Amino acid sequence: MTILLTTLNARYTHASLGLRYLLANMGELREQTRLQEFVIGAKTTEIVERILAHAPRIVGFGIYIWNVEETTRVVAMLKRVAPDVVVVLGGPEVSHESNEQEIVKLADYVITGWGDVTFPKLCGEILHGPKPLMKIHAGVQPPMDQIKLPYSLYSDSDIKNRTIYVEASRGCPFKCEFCLSALDKTAWPFPLDDFLAEMESLYARGARLFKFVDRTFNLNIKTSLKIMQFFLDKLEAHPDDPVYAHFELVPDHLPDALKEGISKFPAGALQFEIGIQSFNPAVQTLVSRKQDNHKAADNIRWLTQHSHAHMHVDLIAGLPGETVDSFAEGFNKLWALNPHEIQFGILKRLRGTPIIRHTQEYGLTFEPYAPYTILANRDIDFATMQRLVRFARYWDLVANSGRFGNTLPVLLGDDAFGQFMAFSDWLYASTDATHRIALDRLAAMVSRWLQTRGMDKTEADALLASDYAGRNESGSRLKGGAAGGETAAPSRQARHLAA
Ligand code: SF4
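In this report, we go over the structure that sits alongside the text.

Criteria and cut-off values
Residues numbered from 1 in each chain as written. Predicted model: local features only at pLDDT ≥ 70, side-chain atom pairs only at ≥ 80, totals over all residues. Pairing = 2+ DSSP bridges. Helix = DSSP H or I, 4+ residues; strand = E, 2+ residues; numbered from the N terminus. Axes fitted to C-alpha atoms, helices over the stretch in contact; angles between N-to-C directions. Core = buried A, V, L, I, M, F, W, Y, C linked by C-beta atoms within 7 Å. Buried ≥ 20, exposed ≤ 12 C-beta atoms within 10 Å, placed from the backbone. Domains from an automatic or database assignment. Contact = placed C-beta atoms within 7 Å. Near = placed C-beta within 6 Å. Nonpolar A, V, L, I, M, F, W, Y, C, P; charged D, E, K, R; others polar.

**Regarding the sheet that holds strand β4 (residues 86-90)**
The strand order β2-β1-β3-β4-β5-β6 describes an open sheet built from six strands, whose pairing is parallel. Each of the sheet's edge strands pairs with one partner strand only, and the pair in question is β2 (33-39) and β6 (136-138). Each strand axis lies, on average, 20° off the axis of its neighbour in the sheet, ignoring direction. In terms of strand pairing, strand β5 (residues 109-112) meets β6 through three bridges, oriented parallel. The partner of I111 across the bridge, within β6, is H137.

Listed below in structure tokens is the structure:
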């Protein structure tokens, strides 16, 4: 074996689509290439030992925001114990601002951007000469029909135990400055018939959960309808063996034909990740996000009222120009639209994203290390930003977990943001913890909080018991709705790095 493709996934259930693309496109080097995945948190020595057990000449690492720190340690150790092994890096984290990164200094070569054709070419030159002179190689983007689709490389075990990521297109035509896809300029579809043939084959092999990583599934409605029809046909033919699809949507583009298709899906078959990010028009303009807020709100309302789709809607706190008050207004507006989950993300400075143009004027201050979360800006100081970070964490535990479906509306009253912020501040002051709060302790704390707000203890305990006894389990989201299975997707900002 000569070439090893590897990465550290965020979880075991996340199978790397990017590595499988590289393997599928290795051409004549395919036979001498292997793939091995690890999960973050594994011991560095064990990872290095297992990599070297393959006796590779070349190791290609996929580098992402969630693994760059640990992979830096892996590469450093690998280079110490086996300096002759050639290390090639690729992935979004090393595709921008490459030269200043420690991991890049440790590596032999870096491919920026698309690796499908550039990685095998580089490996050929390393193995057979002429020796590549440059360290950093800009990935060549081939025509989409020349990229071999990787889906046969999902093993039976992957299909049985892990999330199957798929993509019908790459790229995004929009330019939201906090997002890496802002650099794409457009979207490029894979040939649809070939893609659907691969989906058919995955389905025949037992895949039932398809997670689309397309940035905007509803860009080309004809294509969206064909893909949805693929799933509707399966659901109709085998209602007792349901299939489940997850798509990302832009919220202000839902023509009637698409609505009609969506309304045909039964409960539990469809999940939408919808990016609102901010309802503040001034902020949207600042970060070049084009969004018709009225249409977006109407469409979310329509989806909650006329479809069974499970909806997970993203907001980002910390954007330039967004104050706590304007964020609160947007949060309450979204809450009133009744989505199943509100994903409350905190702005991150993804390498290469144009948002940095606002750094000085808006005082954007980010963590120096991955995931480069914002610490403060002109309108939100550090202490307040930390309160928002805790809000986001507790919101996941209490609201997005679906465990407090009956209690939550009482907890939030008529000012969801304000009430939850007060609860969040109190919970932190009372527990000094944001992680590892056991469910029974959390329920007791929620009851105590309601009592501090004037609710009778018996009434508060009974309300909590109605959730805590599991009577609300079918409504596993904020206000009821389909149980979503694999719903804890990384935030939109991070997830866009995944493919
Ligand atoms: S946030 Fe969504 S719509 Fe905006 S550039 Fe990124 S992928 Fe495209």
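**A short note on the nonpolar core**
Core analysis: the largest hydrophobic core is formed by 122 residues, its most contacted members being V88, L89 and A107. Of the residues forming this core, the biggest block, seven residues, is contributed by helix α14 (residues 382-400). Shared between two domains, this core holds at least three residues of each, these being domain 1 (3-145) and domain 2 (163-378). With sequence-adjacent residues up to four places away left out, L89 is seen in contact with F61, I63, V94, I103, V104, A107 and V110.

**Regarding the site of the ligand**
Near the ligand lie twelve residues; those nearest to it are C172, F174, C176, C179 and R215. Here the residues of the shell around the ligand sort into six nonpolar, four polar and two charged.

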